[in-house]
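# Descriptive analysis of the structure
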Amino acid sequence: MPAHAEPGVPVIHGVNWLGIRTLYVKEVRRFFKVQMQTVWAPAITTLMFLAIFTLALGGAKGEVLGLPYATFLAPGLIIMGMVQNAFQNSLSSIIIAKVQGTIVDVLMPPLSHGELLFCYVAGAVTRAWFVGVAIWIAMLFWPGVDVSIANPLQVFLFGTLGALMLGLLGVLTGVWADKFDHGAAVTNFLVQPLTLLSGTFYAIDRLPPAIQAFSRANPFFYMIDGFRAGFIGVAEASVPLGATIVGGICVALWWGCYALLKSGWKLRA
């Protein structure tokens, strides 16, 4: 018997668990090594949003969905910070590797396209939860804000689905983008507008009918509404419908990312 397999003969059958663990740990260490920039800075920025809106509008807004405005606002800010950082994590991981020419170091190891995609997205979801937990802990000590959790399973479900959706979108953008400006364009003209116009800062039932219809067509609304409802126990839309919409988009994005990675488009010379 030869000491080594013949060239082209697969050695690893089934799932490459060692490869998955190695790439996932690499992705986590990549953002955690600069945690002041990737975890704590987004948390502080989110707390600044909370301070500004509660000080400027807290008294004027009164109660929203039967709750103080700050309590209504806080869960939306938490998931907003989570999903934006999930997007940035997978986007930066791919685009930096492409620009530096090190993407080959990820493509050459014996990882399938699905395993490669899983690692990128798992890293994005992990960063999202690090940011989310950091913001939540800080808000526990914020005066006038109640961030007690009514339904932990619902918070986990919508937080993970939201981070997964934006992590996959980050992979798509990273594969498509040729330079950092392309990634910034998607962030500024797609991710941030959809996030800010999704009911994070207001209840959509107070909007004109046409704007309400636009909000209900925004998948970010269902993600934020379901996550917030896990905290306050009140939802503006159907929670099962929201989970179905966000979950369906995640499935569609997963297959789109998988197809792009398999084709090698803009990744292989």
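Look up a bit, the structure's there.
Below is a short write-up of the structure.

So, how was this worked out
Residues numbered from 1 in each chain as written. Predicted model: local features only at pLDDT ≥ 70, side-chain atom pairs only at ≥ 80, totals over all residues. Heavy atoms only, no water. Helix = DSSP H or I, 4+ residues; strand = E, 2+ residues; numbered from the N terminus. Buried < 20%, exposed > 50% of the residue type's maximum accessible area, 1.4 Å probe, protein only. Contact = heavy atoms within 4.5 Å. Areas by Shrake-Rupley, 256 points an atom, 1.4 Å probe, with all protein chains shown as cover. Lys, Arg positive; Asp, Glu negative; His and termini not counted. Charge placed at Lys NZ, Arg CZ, Asp CG, Glu CD. 1 Å grid on protein atoms, 1.4 Å probe; cavity = no way out; pocket = protein on both sides within 12 Å on 5 of 7 lines; lining within 4 Å. Points joined across faces, edges and corners; volume = space filled by probe spheres on them. Nonpolar A, V, L, I, M, F, W, Y, C, P; charged D, E, K, R; others polar. Expected span 1.5 Å × (residues − 1). Polar contact = N/O pair within 3.5 Å; in protein donor to acceptor, adjacent residues only side chain to side chain. Axes fitted to C-alpha atoms, helices over the stretch in contact; angles between N-to-C directions. Parallel < 35°, antiparallel > 145°, perpendicular 65-115°, else oblique. Left-handed = near helix turned anticlockwise from the far one by under 90°.

When its secondary structure is counted, the chain shows 10 helices and two strands. Listing the helices and strands of the chain from first to last along the sequence gives α-α-β-β-α-α-α-α-α-α-α-α. Taken along the three principal axes of its C-alpha coordinates, the chain extends 75 × 35 × 35 Å. Within the chain, the fraction of its 269 residues that count as buried is 47%. Residue pairs at least 24 apart in sequence account for 81% of intrachain contacts in the chain once pairs closer than 6 positions are excluded. For the chain, the exposed surface amounts to about 13,100 Å²; the carbon and sulfur share of it is 70%. The distance from the centre of the 15 positive side-chain charges to the centre of the 11 negative ones in the chain is 5 Å.

We now examine the layout of surface pockets. The computed volume of the largest pocket comes to approximately 500 Å³. Lining the largest pocket are 23 residues; nearest its centre among them are Pro42, Gln84, Asn85, Gln88 and Arg127. Sorting the residues of the lining of the largest pocket by element identifies α1 (17-32), α2 (35-61), α3 (69-100) and α7 (180-196) as the ones contributing at least two each. By residue number, the principal contributor to the lining of the largest pocket is α3, which donates nine residues. For the lining of the largest pocket, the per-class residue count stands at nine nonpolar, 12 polar and two charged.

Moving on, we get to the environment of leucine 169. For leucine 169, the location among the structural elements is in helix α6 (residues 152-176). Exposure remark for leucine 169: the relative accessible area of 18% places this residue in the buried category. Taking C-alpha positions, leucine 169 is 15 Å from leucine 116, a pair spaced 53 residues apart along the chain. The residues touching leucine 169, leaving out its near neighbours within four places in the chain, are Phe87, Leu190, Val191 and Leu253.

Okay, empty space enclosed by the protein next. Within the structure shown, the criterion is met by one cavity of 30 Å³ or more. Its volume calculated, the largest cavity comes out at about 40 Å³. As for the largest cavity, its lining consists of Ile94, Ile103, Val106, Leu107, Leu116, Tyr120, Val175, Leu261 and Leu267. Elements supplying a minimum of two residues to the lining of the largest cavity: α4 (104-107) and α5 (113-140). Grouping the amino acids of the lining of the largest cavity by side-chain chemistry returns nine nonpolar, no polar and no charged.

This paragraph deals with helix α9 (residues 219-232). Relative to the 20 Å expected for 14 residues at 1.5 Å per residue, α9 spans 20 Å between its end C-alpha atoms, a close match to the ideal helical length. The element α9 is extensively covered by neighbouring structure, given that 13 of its 14 residues are classed as buried. Capping the start of α9 is the job of one residue whose side-chain oxygen sits 2.9 Å from the backbone nitrogen of phenylalanine 220: asparagine 218. With its phi angle positive at about 80°, glycine 233 sits one or two positions after the end of α9.

Attention now goes to the packing of α9 against helix α10 (residues 239-263). In the contact formed by α9 and α10, the axes pass within 9 Å of each other and the chain directions differ by 125°. Classified by the angle between their axes, α9 and α10 sit oblique to one another. The interaxial crossing formed by α9 with α10 has left-handed handedness. Between α9 and α10, the contacting residues are Pro219, Tyr222 and Met223 on the first element and Leu241, Gly242, Ile245, Val246 and Ile249 on the second. Looking at the contact of α9 with α10, its residues break down into seven nonpolar, one polar and no charged.

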